Amino acid sequence: MLGFARVVARDLRLALRQRGDALLAVLFFVLTAMLFPFGIGQEPNLLQRIAPGVVWVTALLAVLLSLERLFLRDYEDGSLELMALSPVPLPVIVLAKVTAHWLTTGLPLLAAAPIIALMYGLPAAGYGILLAAMALGTPTLSLIGAVGAALTLGARRGGVLIPLLVLPLYIPVLIFGVSAVDAQMAGLSARPQLLLMGAGLLAAVALAPWAAAGALRQAVE
């Protein structure tokens, strides 16, 4: 746990020195969501109906935008090799880096989501479920994305390959995240969708760090 905390603190310090990276993801999230009304019109009922989908699609794209830098900086300066040789297990280091990534990317997106929902006129009853679904879904996106970032580390055009690898795995998170809010707005229970998202998060926590660690070992050898 001490090694985990040190890696999280290190990555947070580096993120604070380069605030523009985290700010870029949030700005992309907000600005992309603002474009949809210009393309589909500004009819209130339509905007209200598509609000959950817009929030989730733009959040997913914002997370993709930040994945390439997850391991690349450490790979280029040699820090990743030292981490692989350290006494702390590499899957724990991966989990710590994913935690720092979520704190600097997923958490700001979670905070900005109500602003987008307000812009689209989402009823107040859907806000709590939207935030709960994003709190479960965005860490899953970061964990799955870490596997894609590790697999493409050192490859040419790695930033292009990452979406091709992780987007198919993101689809269940997107479906359940949107359907949870839709169920709440229809007067149904969103509990099944949230439970499935929680199960997906637990599975990602158990599996993704090991998969990413295996890919990182191949990259540094």
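Rules behind the numbers
Residues numbered from 1 in each chain as written. Predicted model: local features only at pLDDT ≥ 70, side-chain atom pairs only at ≥ 80, totals over all residues. Heavy atoms only, no water. Core = buried A, V, L, I, M, F, W, Y, C linked by side-chain atoms within 4.5 Å. Buried < 20%, exposed > 50% of the residue type's maximum accessible area, 1.4 Å probe, protein only. Helix = DSSP H or I, 4+ residues; strand = E, 2+ residues; numbered from the N terminus. Contact = heavy atoms within 4.5 Å. Axes fitted to C-alpha atoms, helices over the stretch in contact; angles between N-to-C directions. Parallel < 35°, antiparallel > 145°, perpendicular 65-115°, else oblique. Nonpolar A, V, L, I, M, F, W, Y, C, P; charged D, E, K, R; others polar. Left-handed = near helix turned anticlockwise from the far one by under 90°. Polar contact = N/O pair within 3.5 Å; in protein donor to acceptor, adjacent residues only side chain to side chain. Expected span 1.5 Å × (residues − 1). Bend = angle between axes of the 7 residues up to and from the residue.

Draft legend 1. Layout of the nonpolar core. Formed by 65 residues in total, the largest nonpolar core has its most connected members in Phe29, Trp56, Phe71, Leu130, Met134, Tyr170 and Leu216. In terms of residues, this core owes the most to one element, helix H6 (residues 90–119), which gives twelve residues. Those residues in contact with Trp56 that sit more than four places away from it in its chain are Leu130, Ala133, Met134, Gly137, Thr138, Leu141, Val173, Leu174, Gly177, Val178 and Met197.

Draft legend 2. Focus on the packing of helix H4 (residues 69–77) against H6. Following both chains from N to C, one finds H4 and H6 inclined at 125 degrees, their axes separated by 10 Å at the closest point. In terms of axis orientation, H4 runs oblique to H6. On H6, the residues touching Arg69, Leu70, Phe71 and Asp74 of H4 are Val94, Lys97, His101 and Thr105. Along the lines of polarity and charge, the residues of the contact of H4 with H6 split into three nonpolar, two polar and three charged.

Draft legend 3. Expanded view of the packing of helix H3 (residues 44–67) against helix H7 (residues 127–151). Where H3 contacts H7, the axes come no closer than 10 Å and their chain directions differ by 30 degrees. The element H3 and its partner H7 pack so that their crossing is right-handed. When H3 is examined against H7, the residues Val55, Trp56, Ala59, Leu60, Val63 and Leu67 are found in contact with a partner set consisting of Leu130, Ala133, Met134, Gly137, Thr138, Leu141, Gly145, Ala146 and Ala149. Looking at side-chain class alone, the contact of H3 with H7 contains twelve nonpolar, three polar and no charged residues.

Draft legend 4. Molecular detail of the side chain of Thr104. Position of Thr104 among the secondary structure elements: in helix H6. A polar atom in the side chain of Thr104 sits 3.2 Å from the backbone oxygen of His101.

Draft legend 5. Main features of H7. Relative to the 36 Å expected for 25 residues at 1.5 Å per residue, H7 spans 36 Å between its end C-alpha atoms, a close match to the ideal helical length. In the structure, H7 departs most strongly from a straight axis at Ala135, where the bend amounts to approximately 25 degrees and where the proline Pro139 lies between one and four residues downstream. Burial analysis of H7 places 18 of its 25 residues in the buried class, the great majority of the element.

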